[in-house]
Amino acid sequence: MKFSNPLYDDITYLKGVGPKRAKQLKTYGIEIISDLLYHIPRKYLDRTNIKNINQTKIGDQTVVIGKVISKNMKILGKRRLFQVTISDGTGKLQCVWFNGLSWIIEKFKINDQIAVFGKIEFYNGLKITHPDFDILDESENYNTGQIIAQYSSTSDLKAKGLDSRGFRNLIKNIIENDKYIIDDFFPSSVLTQENLSPLKIALKNIHFPENNNTIKEALYRLKFNEHFFIQLLMALKRKNFKKNLGKSYANRGKYLKEIYENLNFELTSAQIKVLREIRTDLKSEQVMNRLIQGDVGSGKTIVAVLTAAMVIAEKDQVALMAPTEILAEQHFESIKEYCDKANITCGLITSNKSQKEKNIIINELKTGEIQFIIGTHSLIQDTIKFNQLGLII
């Protein structure tokens, strides 16, 4: 019997979505039901500090619950604002919105019981500008007096009722329905060893936290997942990379000796050590993938030149790509000086060269006449074809 987990069904089939909402959610990148679980809140609002209106102070970030006693649209010059006034029996509070009026204007009705959260200001009375809000009824009391998740959204999503409250309702439909199976991909031994919350609990707590500690624990688990899979992907890439066989460069060749003997300085012990390691890599048929790290002026360029000399001696070409035209030109000047002493043909290609100059270089790369090419991103254009590329720096 084939097992199917509805958690991976099309988002259209989640209770509360339907075709119209699904279309907007898919535009936003939420394609299947499980994608909603990973629509992580952008912030949290601590609504445990509910106050009466007469207890609030200017500058407070607080929650106030009251009934809508009036609502109206005002025009101030070229701007419009929407204003809702609420009362809790101890005073009145104005809630003002300047943006997103198209989706918010129909949200409120007179006598609606609402909770608003924001910074208390004073201008012709107490007010909150652009408060977060919840329209309360028996089924949504969980929205107040708790730490509430706030989600990124768009005007199109909000027009379909998918503001933060809308997202919370949809995610609640997943979390509270046992048919959506949230399996953990780590065994219990790993969870214990790494002090991780089970995945189902972490996802529940990231969206519906009981306190700040549960948020921290949930975030830690989800971040651990992300780092784990990045490391796993890199490990698989390394494994596959080792399967790719390349050419073995068994001999040092004549160019290395000619460049080395014409140096007017001695190589450092670190440079010699790195060159020996590179020589071992080049002898192997496994493709070399090496990072050489060092301060400016530590001698990385000469190491690159001597490595290139061994590859070029085996009739293959070398390409060095620099991030900027200035750096490419500097590398070309210094590398050409070494290569001229060994009769290695160098070339430079950058975007500031004329098309005629580029065509000459492109042709010489195809024929193999240019052995060592230095350039910028121009090196990775479709028109660039090598006769036999052996090393990329």
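Here the structure is shown first, and the text comes after it.
Quick notes on the rules
- Residues numbered from 1 in each chain as written.
- Predicted model: local features only at pLDDT ≥ 70, side-chain atom pairs only at ≥ 80, totals over all residues.
- Heavy atoms only, no water.
- Helix = DSSP H or I, 4+ residues; strand = E, 2+ residues; numbered from the N terminus.
- Rg over C-alpha atoms; globule rule 2.2 N^0.38 Å.
- Buried < 20%, exposed > 50% of the residue type's maximum accessible area, 1.4 Å probe, protein only.
- Areas by Shrake-Rupley, 256 points an atom, 1.4 Å probe, with all protein chains shown as cover.
- Lys, Arg positive; Asp, Glu negative; His and termini not counted.
- Charge placed at Lys NZ, Arg CZ, Asp CG, Glu CD.
- Pairing = 2+ DSSP bridges.
- Axes fitted to C-alpha atoms, helices over the stretch in contact; angles between N-to-C directions.
- Contact = heavy atoms within 4.5 Å.
- Polar contact = N/O pair within 3.5 Å; in protein donor to acceptor, adjacent residues only side chain to side chain.
- Arc of directions from axis to C-beta.
- Phe/Tyr/Trp six-rings, centres within 6.5 Å; stacked < 30°, edge-to-face > 60°.

J.: Which parts of the structure should I look at to understand the overall build of the chain?
T.: Helix and strand counts for the chain come out as 13 helices and 13 strands. Taking 2.2 N^0.38 as the reference for a compact globule, 393 residues should give roughly 21 Å; the C-alpha atoms of the chain span a radius of gyration of 33 Å, well beyond that estimate. With the principal axes as the frame, the chain shows a C-alpha extent of 95 × 65 × 40 Å. Relative to its full complement of 393 residues, the chain shows a buried share of 40%. Carbon and sulfur atoms make up 50% of the accessible area of the chain, which totals about 22,900 Å². Where the 56 positive side-chain charges of the chain centre and where its 43 negative ones centre are 4 Å apart.

J.: Mind showing me how you'd approach the sheet that holds strand β13 (residues 389–392) here?
T.: Spatially, the 4 strands line up as an open sheet ordered β11-β12-β10-β13, and their pairing is parallel. In this open sheet, the two edge strands, each paired with only one partner strand, are β11 (346–349) and β13. Between one strand axis and the next, the sheet turns through 20° on average, direction left out of account. Note that strand β10 (residues 317–321) and strand β12 (residues 372–375) share 4 bridges and pair parallel. Bridge pairing links Met 321 to Gly 375 in β12. Relative to β11, helix α12 (residues 325–340) is tilted by about 175°, and along the sheet it contacts β10, β11 and β12.

J.: Sorry if this is basic, but what is going on with the environment of Lys 71 here?
T.: Positionally, Lys 71 belongs in strand β2 (residues 61–76). Each C-alpha atom of the pair Lys 71 and Leu 327 lies 63 Å from the other, and the pair is 256 residues apart in sequence. The residues contacting Lys 71, other than those within four sequence positions of it, are Phe 82, Gln 83, Val 84, Ile 105, Phe 108, Lys 109 and Ile 110. Within polar-contact distance, the side chain of Lys 71 engages the backbone oxygen of Phe 108 at 2.6 Å.

J.: I keep staring at helix α1 (residues 18–27) and nothing clicks. Help me out?
T.: An α-helical turn contains 3.6 residues, so a residue and the one three or four places further along point in the same direction. Looking only at α1, the buried set comprises Gly 18, Ala 22, Gln 24 and Leu 25. Down the axis of α1, the smallest arc covering the buried residues is 165°, so these residues share one side. Among the exposed residues of α1, those oriented more than 90 degrees off its buried face are Pro 19, Lys 20, Lys 23 and Thr 27. On the buried face of α1, the contacting elements are α4 (155–159) and α5 (164–175).

J.: Help me out: how do you make sense of the packing of aromatic side chains in this one?
T.: The description of an aromatic ring pair uses the distance of the two centres, along with the angle that the planes make with each other. Evaluated as defined, the whole model comprises 11 aromatic pairs. Ring geometry for Phe 82 and Phe 108: centres 6.4 Å apart, planes at 25°, overall stacked. Here Phe 108 lies in the loop between α3 (101–104) and β5 (113–119) and Phe 82 lies in strand β3 (residues 79–87), a separation of 26 residues in the sequence. Look at Phe 82 and you get buried, because its relative accessible area is 3%. On the basis of relative accessibility, which here comes to 1%, the residue Phe 108 falls in the buried class. With 4.8 Å between their ring centres and 50° between their planes, Phe 108 and Phe 133 make a pair best called tilted. Taken as a pair, Phe 108 in the loop between α3 and β5 and Phe 133 in strand β8 (residues 132–135) lie far apart in primary sequence, 25 residues in all. Grouping residues by exposure puts Phe 108 and Phe 133 together as buried. Site record: aromatic cluster; members linked through ring pairs are Phe 185, Phe 186, Phe 224, Phe 228 and Phe 229.

J.: Help me understand the sheet that holds strand β7 (residues 126–129), please; the structure alone is not making it clear to me.
T.: Paired through backbone hydrogen bonds, the strands of a sheet run either parallel or antiparallel to each other. Across the sheet, 7 strands lie side by side as β6-β7-β4-β3-β2-β5-β8; this open sheet has mixed pairing. Both outer strands of the open sheet, β6 (121–122) and β8, are each paired with one neighbouring strand and no more. Examined bridge by bridge, β3 and strand β4 (residues 92–97) share 6 bridges and lie antiparallel to one another. Each residue of the ladder has a partner; that of Gln 83, found in β4, is Val 96.

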